[in-house]
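# Examination of the molecular architecture
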Amino acid sequence: MERIIQITAGRGPAECTWVVAQVLKKVLDEAQDQGLETMLLQREVGHENGTIETATIAVKGQNAVTFANSWIGTVQWIGQSQFRKMHKRKNWFIGIFEIKPQKNTSISESDIQYQAMRSSGAGGQHVNKVSSAIRATHIPTGIAVVAMDSRSQHQNKKLATERLLKKLEDETLQQLKNHVSEQWENQLNIQRGNPIRVFSGSDFKKNKVEKSYKGTRQKLKTDLRNENN
């Protein structure tokens with residue numbers, strides 16, 4: 001099994017990029033302890049030394065799904081800014097998201113199916129009677145094109161192949177654009193609150209995460225007690 005996760009500071013300040021660098025180390029160490037294979041696919045360093053804007057990791061192994069799910073969400077760090085000593089803010093947030101792997105876009109000749117068909121439109125009786133048009137279909141994706149420009153079936157097959165490859169290239173480019181757009185959206189959609197993991201201090205010690213329903217229940221009790229008083 002394989003999962004790809006992205007660790008990102010979003011539009012957070014330098015402190016968040018420092019947190020990303022620390023979390024990346026934690027993820028890699030924890031994966032190694034669990035016998036999982038990891039590969040760093042992408043890393044964009046931050047403006048400050050030792051910081052990372054985003055990092056994308058592939059995790060492989062029997063427990064890759066469980067491992068990835070244990071990290072996906074918001075990560076909180078509680079501590080003093082490493083770069084602005086007088087800054088009052090103590091809580092910093094980054095996001096970890098799952099990235100769907102892109103489809104294999106390699107094209108084999110065996111993946112293309114050709115079908116002869118009758119041409120339509122102007123061209124005289126010869127065009128109407130002879131199956132000179134060619135439909136080319138890329139079997140894995142179902143994308144198809146038709147060429148009927150020539151009376152030669154061979155020439156139409158060549159044209160159909162060229163058009164199909166161009167269409168597949170355009171589709172691949174669009175998928176790449178969507179993939180980049182999805183990654184950028186991930187950077188913008190970091191949600192604060194209900195962190196899946198909390199760390200604190202310059203040593204980046206892991207804190208126990210209090211379940212959100214416990215806090216909600218305690219708040220309801222407090223509100224009810226205040227109403228009765």
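I will try to describe carefully the structure that is included in this document.

### Regarding the environment of Met 39
Residue placement: Met 39 occurs in strand E2 (residues 37-45). Classification of Met 39 as partly exposed rests on a relative accessible area of 45%. For the pair Met 39 and Ile 57, spaced 18 residues apart in sequence, the C-alpha to C-alpha distance is 5.6 Å. If we skip the residues at most four places from it in the chain, Met 39 touches Thr 56, Ile 57 and Ala 58.

### Regarding the sheet that holds strand E5 (residues 91-99)
Judged by pairing direction, the sheet is mixed, and its seven strands sit side by side in the order E2-E3-E1-E5-E4-E9-E10 without closing on themselves. Bordering the open sheet on either side are E2 and strand E10 (205-207), each of which pairs with just one other strand. On average, adjacent strands in this sheet sit at an angle of 25° to one another, irrespective of strand direction. Where strand E1 (residues 2-8) and strand E3 (residues 52-60) come together, seven bridges link them in antiparallel fashion. Bridge pairing links Arg 3 to Val 59 in E3. The strands that helix H1 (residues 14-33) touches are E1, E2, E3, strand E4 (73-78), E5 and strand E9 (197-200); relative to E3, the one it contacts most, it runs at about 15°.

### Details of the nonpolar core
Core analysis: the biggest nonpolar cluster contains 28 residues, and Ile 7, Val 19, Val 23, Val 27 and Ile 94 have the highest contact counts within it. Counting residues per element, the ones that place at least two in this core are E1, H1, E3, helix H2 (64-69), E4 and E5. Among the elements that take part in this core, H1 stands out by supplying nine residues, more than any other. Excluding anything up to four places from it in sequence, Ile 94 contacts Ile 7, Thr 8, Ala 9, Cys 16, Val 19, Val 20, Val 23, Gly 73, Thr 74, Val 75 and Ile 190. One finds Ile 134, Ile 143, Ala 147 and Leu 164 within the second-largest nonpolar core, a separate group that totals nine residues.

### Details of the pattern of salt bridges
Across all of its chains, the model carries five salt bridges by this definition. Residue Arg 3 is joined to Glu 98 by a salt bridge in which the shortest nitrogen-to-oxygen separation is 3.1 Å. Of this pair, Arg 3 sits in strand E1 while Glu 98 is found in strand E5, placing the two residues 95 residues apart along the sequence. Take Arg 3: its relative accessible area is 23%, and that puts it in the partly exposed class.

Each value, and the rule that gives it
Residues numbered from 1 in each chain as written. Predicted model: local features only at pLDDT ≥ 70, side-chain atom pairs only at ≥ 80, totals over all residues. Heavy atoms only, no water. Helix = DSSP H or I, 4+ residues; strand = E, 2+ residues; numbered from the N terminus. Buried < 20%, exposed > 50% of the residue type's maximum accessible area, 1.4 Å probe, protein only. Contact = heavy atoms within 4.5 Å. Pairing = 2+ DSSP bridges. Axes fitted to C-alpha atoms, helices over the stretch in contact; angles between N-to-C directions. Core = buried A, V, L, I, M, F, W, Y, C linked by side-chain atoms within 4.5 Å. Salt bridge = Lys/Arg side-chain N within 4 Å of Asp/Glu carboxyl O.

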